[in-house]
Amino acid sequence: MTPDIELYPYQKDAVARIIFSPNTLLAHDVGAGKTYEMIAAGQELRRMGLSDKNMYVVPNNIVGQWKNIFLTMYPDAKLLCVDPTSFIPNKREKVLERIKNEDHDGIIIAYSCFELMPVSKDHYIDELKAKKEVIARMVECQGKGTSKLKKKKEAVEKALAELTLSIDDMYDTICFDELGITRLFVDEAHNFKNVPIETKIKSALGINSTGSKKCRDMMDKVHIVQKQNDGKGVVFATGTPIITGYQRSETPI
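To start, this report covers the structure provided alongside it. (Residues numbered from 1 in each chain as written. Predicted model: local features only at pLDDT ≥ 70, side-chain atom pairs only at ≥ 80, totals over all residues. Heavy atoms only, no water.)

**Description of the environment of P241**
Which entries qualify depends on this criterion: Helix and strand definitions here come from DSSP, where helices need a minimum of 4 consecutive H or I residues and strands a minimum of 2 consecutive E residues; each element is numbered from the N-terminal end. The buried label applies to any residue whose accessible area, calculated with a 1.4 Å probe on protein chains only, is under 20% of its type's maximum; exposed applies above 50%, and partly exposed to all values in between.
Mapping P241 onto the fold places it in the segment after β6 (234–237). A relative accessible area of 66% places P241 in the exposed class. P241 sits 213 residues away from H28 along the chain, and the two C-alpha atoms are 8.9 Å apart.

Here it is in structure tokens:
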């Protein structure tokens, strides 16, 4: 790091937490310097041989800002910046090849480009097989063999069969699982909070069973990184307060 920059003690603590923890949430207030923490942590992980390939997923409009901060902190860093103009269809395959095959200190990629990276058929098949096994065990349990569970099991089996048959040739490209990402840093991670949750609860704000496509995609890619790195490898950063377990009246749910 350039000697012109000195991190605050709490920022150094955050870097240490990222290094020593499998996965980390940076939930400092807005303006506390989470960008500096993620960049410094990524560089330290590489320096210590704990991470080979760091990817930073950031809002579309601040890719350039991230690049400037990164090079201010580490002037000699080798970066690959991916924004919508560099990830158009006729350039996409070349960018994916560079991510997979080249050595960069940091890969800074815009939200929209990250979402365009396909996930392999094998990942989806493995996910459906795992879900099928869970449902099967629940059906076998005494008192759990409900018609709803049986229908869900049938739906998963049907989806698995259709997936196996339908997308053999869907992706003629490099998939996210093949990129070899060892650390995934997600800036403004509150943008991906709307993941699907299986629940009977209908009235709780922020909880639904469908979620959104971009959030499901992020969850899939988080699971891929963790699966490929012994359960670790993900850092979320957000300045948006996370409040759980209380209604507006502060009465426990």
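Additional details are given in the paragraphs that follow.
**Examining unusual backbone geometry**
The phi torsion at E188 lies on the positive side, around 55°, for a residue other than glycine. Here E188 lies in the loop between β5 (183–186) and α8 (213–228). For D230, which is not a glycine, the phi torsion comes out positive at approximately 55°. Considering the arrangement of structural elements, one finds D230 in the loop between α8 and β6. A relative accessible area of 73% means that D230 is categorised as exposed.

**Points about the pattern of salt bridges**
Threshold: The working definition used for a salt bridge is a side-chain nitrogen of Lys or Arg within 4 Å of a carboxyl oxygen of Asp or Glu.
Taken as a whole and judged by the stated rule, the model has eight salt bridges. With its nearest N and O atoms 3.3 Å apart, the salt bridge here joins D103 to R46. One end of the pair, D103, is in the loop between α4 (89–101) and β4 (106–110); the other, R46, is in helix α2 (residues 34–47), with 57 residues separating them in the sequence. Close ionic contact of D105 with R46 constitutes a salt bridge, the shortest N to O distance being 3.1 Å. Residue D105 is located in the loop between α4 and β4, and its partner R46 is located in helix α2; the two are separated by 59 residues in the primary sequence. For D105, a relative accessible area of 16% gives the class buried. Among the ionic contacts, a cluster of salt bridges with common partners joins R46, D103 and D105.

**Considering the packing of helix α1 (residues 9–20) against α2**
Filter applied, for reference: The angle between two axes is taken between their N-to-C directions and runs from 0 to 180 degrees, where each axis is a line fitted to C-alpha atoms and a helix contributes only its stretch in contact. The scheme is simple: roughly parallel for angles under 35 degrees, roughly antiparallel for over 145, roughly perpendicular for 65 to 115, oblique for anything else. The hand of a helix crossing depends on one turn: near helix anticlockwise from the far one by less than a right angle means left-handed, and clockwise means right-handed. Any two residues having at least one pair of non-hydrogen atoms within 4.5 Å are treated as being in contact.
Interhelical geometry of α1 versus α2 gives an angle of 45° and a closest axis separation of 9 Å. Accordingly, the angle class assigned to the pair α1 and α2 is oblique. Pair α1 / α2 crosses with right-handed handedness. Listed contacts from α2 to Y10, Q11, A14, V15, I18 and I19 of α1 are Y36, E37, A40, A41, E44 and L45.

**Focus on the sheet that holds strand β1 (residues 23–26)**
Condition: Being paired, for any two strands, means DSSP has found at least two bridges between them.
An order of β1-β6-β5-β2-β4-β3 is seen for the six strands of this open sheet, with the pairing classed as parallel. Either end of the sheet is taken by a strand with one partner, and the two such strands are β1 and β3 (79–82). Neighbouring strand axes in the sheet, compared pairwise and without regard to direction, differ in orientation by 15° on average. Where β3 lies against β4, four bridges are found, and the strand directions are parallel. From the neighbouring strand, C81 faces β4, where its bridge partner is I108.

**Considerations on the nonpolar core**
Applied cut-off: The criterion is simple. A nonpolar core is a set of buried Ala, Val, Leu, Ile, Met, Phe, Trp, Tyr and Cys residues joined through side-chain atoms within 4.5 Å.
In this structure, M55, I99, F114, M117 and F176 are the most contacted members of the largest nonpolar core, which totals 57 residues. The contact partners of I99, leaving out residues within four places of it in the chain, are K53, M55, L80, I107, M117, L179 and I181.

**Section: the pairing of strand β2 (residues 54–58)**
For β2, a buried count of five out of five residues is recorded, marking the element as mostly surrounded by other parts of the structure. Of the two faces of β2, the one holding N54, Y56 and V58 and the one holding M55 and V57 are both buried throughout. Alignment of β2 against β5, held across four bridges, turns out to be parallel. The residue of β5 that forms the bridge with V57 is V186. As defined by bridge partners, β2 adjoins β4 across four bridges and the pair is classed as parallel. Residue pairing for β4: M55 is matched across the bridge by I107.

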